[in-house]
Amino acid sequence: MSINYQTLSFEYQPCREQSPQTGAKQTVYPVIVVGAGPVGLATAIDLAQQGVAVVLVDDDCSLSTGSRAICFSKRSLDIFDRLGCGDRMVDKGISWNVGKVFLKDELVYTFNLQPEAGHHRPAFINLQQYYVEGFLLERAQEMPNIEIRWKSKVVGVEQSGTPGTCDAAVTLTVDTPNGQYALRGRYVVAADGSRSPIRNLMGLDSKGVTFKDRFLIADVKMEADFPTERWFWFDPPFHPNQSVLLHRQPDNVWRIDFQLGWDADPVLEKTPERVIPRVRALLGPDAKFELEWVSVYTFSCLRMERFRHGNVLFAGDSAHGVSPFGARGANSGVQDAENLAWKLAMVLDGKASDALLDTYASEREFAADENIRNSTRSTDFITPKSPVSRVFRDAVLKLARHHPFARQLTNSGRLSVPAVLSDSPLNTVDRDSFAGLMVPGASCVDAPVQAAGDPAWLLRHLGQQFTGVLFCGDKGIDAATEAALNALRTSAIPLKLVVIASGDTKPPAIADVTILRDAEGLAGARYDALPGTFYLIRPDQHVCARWRQLEPLAVEHALKRALCVEGTA
Amino acid sequence: MALNTQPNLARPDDFYEALIDMHRDLDDARSQSANAQLILLLANHIGDHATLLEAIRYAREGVADASPEGGEVHPLAA
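The numbers attached to residues start from 1 for each chain and follow its sequence in the written order. Each chain gets a letter, beginning with A, and each ligand a number, beginning with 1, in the order they are written. Restriction of local features to residues with pLDDT of at least 70 applies here, the model being predicted, together with a cutoff of 80 or more for giving and counting side-chain atom pairs; totals for whole chains, interfaces and linings are based on all residues.

Novice: Help me get a handle on the overall build of chain A, residues and values and all.
Specialist: Elements are defined by DSSP. Helices are runs of H or I of four residues or more, strands are runs of E of two residues or more, and each kind is numbered from the N terminus. Regarding its fold elements, chain A presents 13 helices and 28 strands. For the radius of gyration, the atoms used are the C-alpha atoms, and the globule rule reads 2.2 Å times the number of residues raised to 0.38. Here the C-alpha radius of gyration of chain A, 25 Å, is about what a compact globule of 569 residues would show, namely 25 Å. Along the longest, intermediate and shortest principal axes, the C-alpha atoms of chain A span 75 × 65 × 50 Å. Sorting the 569 residues of chain A into buried and exposed places 47% on the buried side. Partly exposed residues are those falling between the two cut-offs: more than 12 but fewer than 20 other C-beta atoms within 10 Å of their own, whereas 20 or more means buried and 12 or fewer means exposed, with C-beta atoms placed from the backbone.

Novice: Run through the sheet that holds strand β27 (residues 534-537) of chain A, naming residues and quoting values.
Specialist: Residue and element names in this part refer to chain A. One bridge is not enough; two strands pair if DSSP finds at least two bridges between them. The strand order across the open sheet built from 7 strands is β23-β22-β26-β25-β24-β27-β28, with neighbouring strands paired in mixed fashion. Of all the strands in the sheet, the pair left with one neighbour each is β23 (454-457) and β28 (543-547). Averaged over all adjacent pairs, the angle separating strand axes in this sheet is 30 degrees, with direction ignored. The pairing of strand β24 (residues 467-473) with strand β25 (residues 496-501) spans 6 bridges and is parallel. Looking across to β25, one finds that G468 is bridged to L497. A pair of residues counts as a contact when their C-beta atoms, built from backbone coordinates, are within 7 Å of each other. Each axis is a line fitted through C-alpha atoms, and for a helix only the stretch in contact is used; angles between axes span 0 to 180 degrees, taken between their N-to-C directions. The sheet contacts of helix α11 (residues 479-489) involve β24, β25 and β26 (513-517), and relative to β25 the element is tilted by about 150 degrees. Helix α13 (residues 552-562) rests against β24, β27 and β28 of the sheet, and its axis sits at about 165 degrees to β28.

Novice: Tell me what's going on with unusual backbone geometry, and back it up with residues and numbers.
Specialist: Residue and element names in this part refer to chain A. One non-glycine residue, D251, lies in the positive phi region at around 65 degrees. Within the secondary structure, D251 is located in the loop between β15 (243-249) and β16 (253-259). C-beta crowding within 10 Å serves as the criterion here: with 13 such atoms nearby, D251 is assigned to the partly exposed category. The backbone of C564 sits at a positive phi, close to 55 degrees, despite the residue not being glycine. The residue C564 is located in the segment after α13 in this model.

Novice: Explain the nonpolar core to me, and be specific about the residues and the numbers.
Specialist: The tendency in soluble globular proteins is for nonpolar side chains to be buried as a group. All names here are of chain A. By definition, a nonpolar core groups buried Ala, Val, Leu, Ile, Met, Phe, Trp, Tyr and Cys residues that connect through C-beta atoms lying within 7 Å of each other. Grouped together as the largest cluster of nonpolar side chains are 128 residues, with contacts concentrated most on V189 and L313. The dominant element in this core, judged by the number of residues it contributes, is helix α7 (residues 330-348), at 11 residues. Viewed by domain, this core spans two of them, domain 1 (19-93 + 126-204 + 303-361) and domain 3 (448-562), each represented by three or more residues. Beyond its immediate chain neighbours, meaning those up to four positions away, V189 contacts V31, V33, V34, T43, L313, A315 and L340. Formed by 33 residues, the second largest nonpolar core is a distinct cluster that contains L216, W233, I256 and V275. Bear in mind that the domain bounds are from an automatic or database domain assignment.

Novice: Residue-level account of helix α1 (residues 38-49) of chain A, with values.
Specialist: Residues and elements named next belong to chain A. An expected span of 1.5 Å times one less than the residue number is assigned to each helix. For α1, which comprises 12 residues, the first-to-last C-alpha distance of 16 Å matches the rise-based estimate of 16 Å (1.5 Å per residue) to within 8%. With 12 of 12 residues buried, α1 is to be regarded as a mostly interior element. Here α1 has its buried residues at P38, V39, G40, L41, A42, T43, A44, I45, D46, L47, A48 and Q49. In the segment just after α1, G51 is the residue with positive phi, at about 85 degrees.

Novice: Just give me the short version of the pairing of strand β1 (residues 28-34) of chain A, but keep the residues and values in it.
Specialist: All names here are of chain A. Bridge count between β1 and strand β11 (residues 179-190): 6 bridges; the pairing is parallel. Bridging from a neighbouring strand, V31 pairs with Y187 of β11. Relative to strand β2 (residues 54-57), β1 runs parallel, the two sharing 4 bridges. Residue pairing in the sheet places V34 in a bridge with V57 of β2. A crossover gets the label right-handed when its path from the first strand over the helix to the second runs clockwise, viewed with the strands pointing away from the viewer. In this view, the connection linking β1 to its parallel neighbour β2 by way of α1 has right-handed handedness.

Here it is as structure tokens:
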């Protein structure tokens, strides 16, 4: 019997703070996460996996209403893998790599978002948001150090103590069916959505541009044999002068997104009398389908000026918003979560200075700008804002039918890829010369490897804590290198260590060092590795530093820099 | 590659005539579309981003009464 995640409801239970016996004694929790959406849940799981106890509060008692965010990117899947629920997402989701763009009824452009083999995860899966939240929630429920409090609405926020010190804390006033109580935490993660009550309570706003266009989402249940590709039409015969997007979800549900124009009546357009003929125009007069979920939306590209305000950190839609074309909303929020979690864990553990949290803000503000820039460009193409912009858009589409160059200008949404945090203060600038994409600040790419003779994936062995990766080629490991690895493994910030060997060399077994074999040579190629190349990887699987030769002292300096610890200037 | 604004057309008068000819019998909307397509074709041929930005800047400066809002940097140049 499968679970219906759309109808699940969770019980409110009075918490410790509300009990007369224990309520008087005020606990200060390390982290309070507000909002049990994908971002809040991912943050809570990531923190809990790193040993930080979390209280997660949500003002509701159910999962996402409607399918909402449906496209989850490879990077999000890599993160879900690290959080222990990637397989469930991918098993249920619809994997896809290919998108097609049509002008009228003619195919003008095909793109493949993952044209090379040798990656565990596809470029994207489509999966209804309630499944994503459901699988994350079930993972969170397995963890004893996450306490989830439903029907708990934050109605007050107060910060106290000296900012940047251990006595800085946040007191939330939480409203429940049993009345209000005070909830104190060192840090609060506001993952409470685009209308963020915490942002409003703190008198902050998220600024940007709202686009004058309306779109209709019709989730339709039907048996159909469209391929599992993203299909986007400009000016199709079945919906003239506007755009349409067709996308497959699990359970025989298809997302159809119709551009309606600014003058459309959002209430009227949601009625089955209006929706069904639009769907029928696409599918044909005899198509059999049921409407699963209908929504009319407008969208904005906006962000908060700063994602950190004292000990309150904003993540996901509360901090930034984009148009849906590009799947950059939920995916960027999940990346916020993983950027923030390890930093909070390190600060709370006393291993990093509080200034590390400033880099959560700066890194993710940079990423948000990139997402907003891409989203705005797509939107300007799909919804031209001026007559001349429309002339150029239509000219591109006309040219695209016959001239390949114009196809690369056709913008139906540039799909989410992780930002390369190349200017991050946490990076150590390359001293040695490297080629390829794995620059400091990039998120690590996957590669097929072998672990103990069995097929495995590189990314499964990276991250969660700082990881050192030594490519030893076919040279094996000499005594000096072994001593250096041992020094790193037992230092103040102990490194998880991975050695990647090629050829038939058998590096000696070293305690707590994972030996992987680069059987296809792809790991070495993707990381531009030579024998001796050493990468320092952040807990969130971003490249932090790299060298052609392992030098423990250089690694120690890079680690201090990555933790904002004194003496790295 | 700097934008070449020195004489470079092989057959200047023939080119100009062909350009005007392209618009013959077109209404305003079609003329605009033809111009836009021409710009896109030529831009792709040039390819180099800095050169294109230079041309865009000269074109914008050449619009007599356009008041650049506070000397704003063009978003593409950002």
